[in-house]
Amino acid sequence: MEPQLLVALAFALMGDVPYSQPQANVLDGMIDRINAEPLAFVVHVGDITSGTGPCSDEWLEARRKQFARFKHPFVLLPGDNEWTDCHRSGFDPLERLAKWRELFCTPIPAISLERQKGKYCENVRWVHDKVVFAGLNIPGSNNNLGGDPAEYGERMQAVFAWLDQAEALARTRDGLVVLMQANPFQTRRFGADGYTEVRERLRRLGEAMPGKVLLVHGDTHHYRDDEPLPGLRRVEVYGSPHIRWAKAQVTRTGAKLFDVELMPQ
């Protein structure tokens, strides 16, 4: 089934918050400000707790209730802090990912969001203003390659299949937005790099669809709007301790397909 086209409204991008209860309190105010904007949807690219937790059911359920305060359709991706890194506080990462799926793999009919069939329901896709949006489970912490190579291999096979489908859809439209939690341009000095294949896939996308591909990620908590690979635009959203969001829109002005504006804290 092909995702339904949305009207040409702006959309919100955010990630890597909240890391603590005080930050969750501040986030409530940001949700109010976002709710006052005419937006098509809100995307959170993941990390809804810190690298040392809390990873508990109670924390995740509290975040689900908090995110329910958004008046616009809300799309959440998993980050490393809520599953791969939960071993630091005594949790099993795969059990935590299963809990994340139980809480957040829910239908979002307002944007005709499609989820990947099977267990990787966190991989999502929808269409807005003739642009395909693809959300992928590619977390920080080296993409869990060092933590669980078997998990990494199976998950990335599903991720790349999903991305291939999104690219095929985008070739008959105006562009493609790829969303993930990890900053794939963080390279390792030693050991296997969990993002080598991701960077290669992004390089090929930029080469095949120059100026028509936008990568949105979090992970390293610094706002960036640049071109790390030829033909690929990248926006990194702010993260903890900054409680900020970016407003984006498909504009087709000049050489840019997207307009992205960092909103005040």
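Above this text is the structure in question.
Brief notes about the overall build of the chain
Right, so step 1: Secondary structure assignment for the chain yields five helices and 12 strands.
Right, so step 2: Relative to a compact globule of 265 residues, whose C-alpha radius of gyration would be 18 Å, the chain shows 17 Å and is just as compact.
Right, so step 3: With respect to the principal axes defined by its C-alpha atoms, the chain has extents near 50 × 45 × 35 Å.
Right, so step 4: Taken across its 265 residues, the chain has 59% of its residues classed as buried.

Quick look at the sheet that holds strand S12 (residues 256–262)
Right, so step 1: With mixed pairing, the five strands of this open sheet are ordered in space as S3-S2-S1-S11-S12. Of all strands in the sheet, those with a lone pairing partner are strand S3 (74–76) and S12, marking the two edges. Averaged over all adjacent pairs, the angle separating strand axes in this sheet is 25°, with direction ignored.

What to know about unusual backbone geometry
Right, so step 1: With an omega of 10°, the peptide bond between Gly53 and Pro54 qualifies as cis.
Right, so step 2: Mapping Pro54 onto the fold places it in the loop between strand S2 (39–44) and helix H2 (57–67).
Right, so step 3: Backbone torsion omega between Ser240 and Pro241 reads 10°, so that peptide bond is classified as cis.
Right, so step 4: By secondary structure assignment, the location of Pro241 is in the loop between strand S10 (232–236) and strand S11 (246–253).
Right, so step 5: The phi dihedral of Asn142 falls on the positive side, at around 60°, and the residue is not glycine.
Right, so step 6: Locating Asn142 in the fold gives a position in the loop between strand S6 (131–135) and helix H4 (149–170).
Right, so step 7: Residue classification places Asn142 among the buried residues on the basis of a relative accessible area of 11%.
Right, so step 8: The residue Asn143 is not glycine, and still its phi comes out positive at about 60°.

A closer look at the sheet that holds strand S9 (residues 224–229)
Right, so step 1: Judged by pairing direction, the sheet is mixed, and its seven strands sit side by side in the order S4-S5-S6-S7-S8-S10-S9 without closing on themselves. Unpaired on one side and paired on the other, strand S4 (114–115) and S9 mark the two borders of the sheet.
Right, so step 2: Note: strand S8 (residues 213–217) against S10, five bridges, orientation parallel. Within S10, the position partnered with Leu214 by the bridge is Arg233.

Comments concerning the packing of aromatic side chains
Right, so step 1: Counted by the stated rule, this structure contains nine aromatic pairs.
Right, so step 2: Taking the centre distance of 5.1 Å and the plane angle of 90° together, the rings of Phe11 and Phe133 count as edge-to-face. Of this pair, Phe11 sits in strand S1 (residues 10–14) while Phe133 sits in strand S6, and the two are 122 residues apart along the sequence. Assigned by exposure class, Phe11 and Phe133 land together as buried.
Right, so step 3: Grouping aromatic residues by their ring pairs yields a cluster made of Phe11, Phe41, Trp126 and Phe133.
Right, so step 4: Lying over the aromatic face of Trp59, Arg63 brings its terminal NZ or CZ to 4.2 Å of the ring centre.

Rules used throughout
Residues numbered from 1 in each chain as written. Predicted model: local features only at pLDDT ≥ 70, side-chain atom pairs only at ≥ 80, totals over all residues. Heavy atoms only, no water. Helix = DSSP H or I, 4+ residues; strand = E, 2+ residues; numbered from the N terminus. Rg over C-alpha atoms; globule rule 2.2 N^0.38 Å. Buried < 20%, exposed > 50% of the residue type's maximum accessible area, 1.4 Å probe, protein only. Pairing = 2+ DSSP bridges. Axes fitted to C-alpha atoms, helices over the stretch in contact; angles between N-to-C directions. Phe/Tyr/Trp six-rings, centres within 6.5 Å; stacked < 30°, edge-to-face > 60°. Lys NZ or Arg CZ within 6 Å of the ring centre and 35° of its normal.

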